[in-house]
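Tertiary structure, described
Here are the chains, one letter per residue:
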Amino acid sequence: MKIRRELIEGLIEISRENHPYEFFALLTGKKGVIEEFVYIPFEQGSDFAGFNTSLLPIGMRIYGTVHSHPSNSPHPSTQDLATFSSFGSIHIIIHYPYCRSCWNAFDSQGNMVEIEVI
Ligand SMILES: [Zn+2]
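Residues numbered from 1 in each chain as written. Predicted model: local features only at pLDDT ≥ 70, side-chain atom pairs only at ≥ 80, totals over all residues.

1. Examining the environment of I40
Note the threshold: Elements are defined by DSSP. Helices are runs of H or I of four residues or more, strands are runs of E of two residues or more, and each kind is numbered from the N terminus.
Here I40 is to be found in the loop between β3 (33-39) and β4 (62-69). With 16 residues separating them along the chain, I40 and F24 place their C-alpha atoms 6.2 Å apart.

See the structure below:
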């Protein structure tokens, strides 16, 4: 799996702008390259795991998720792991202080994985 450099840099910027709130989005793309994100607006009291994927455009392939940790924890939480299994296979966590390397990718089990930035 690969990700576009402009995309990861843009996601880091959005995470910084949302601080101290968390930012969540789904990742999509084509041919094994993550190229875009789909912002998930969610209502007060609802959570990411409850997002209805039937709202997405037909044929959109969800590669995984991205969200920010306003705390400086780079690791997925227990709740994150429950969410990960519902949406694709690659999960990016961007953490405070939102530097260029302040992010990691995980598989659905929460194991850190390498993704190539292109
Ligand atoms: Zn998290």
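2. Comments concerning the pairing of strand β2 (residues 24-30)
Stated formally: If DSSP finds at least two bridges between two strands, the strands pair.
For β2 and β4, the ladder comprises five bridges, and the chain directions are antiparallel. Bridging across to β4, A25 finds its partner in V66. Pairing geometry for β2 and β3, over six bridges, is antiparallel. Following the sheet pairing, K30 is matched in β3 by V33.

3. Examining helix α1 (residues 5-18)
Filter applied, for reference: A helix's residues, less one, multiplied by 1.5 Å, set its expected span. By definition, residues are in contact whenever their C-beta atoms, placed on the basis of the backbone, come within 7 Å of each other.
Taking 1.5 Å of rise per residue, the 14 residues of α1 would be expected to cover 20 Å, and the 20 Å separating its terminal C-alpha atoms lies within 8% of that figure. Buried residues belonging to α1 abut β1 (2-3), β3, β4, β5 (90-95), β6 (103-106) and β8 (116-117).

4. Concerning the sheet that holds β8
Threshold: Fitting a line to C-alpha atoms yields each axis, with helices limited to the stretch in contact; the angle taken between N-to-C directions then spans 0 to 180 degrees.
Reading across the sheet, the eight strands line up as β7-β6-β5-β4-β2-β3-β1-β8 and stay open at both edges, with mixed pairing between neighbours. Across the chains shown, the open sheet's two edge strands, defined by having one partner strand only, are β7 (112-113) and β8. Contacts from α1 reach β1, β3, β4, β5, β6 and β8 within the one sheet, and its direction differs from that of β3 by about 30 degrees.

5. Quick look at the environment of P20
Examined against the element boundaries, P20 turns out to sit in the loop between α1 and β2. Put simply, P20 and Y96 are 76 residues apart on the chain and 9.2 Å apart in space, counted from C-alpha to C-alpha.

6. Observations concerning unusual backbone geometry
Most peptide bonds take the trans configuration, and most residues that are not glycine carry a negative phi. The omega torsion across H19 and P20 is 10 degrees, close enough to zero to call that bond cis. Going from Y96 to P97, the amide bond is cis rather than trans, its omega being 10 degrees. Of note in this structure, K31 is not a glycine but carries a positive phi near 50 degrees. With respect to the helices and strands, the residue K31 is situated in the loop between β2 and β3. The phi torsion at Y98 lies on the positive side, around 65 degrees, for a residue other than glycine. Mapped onto the elements of the fold, Y98 is located in the loop between β5 and β6.

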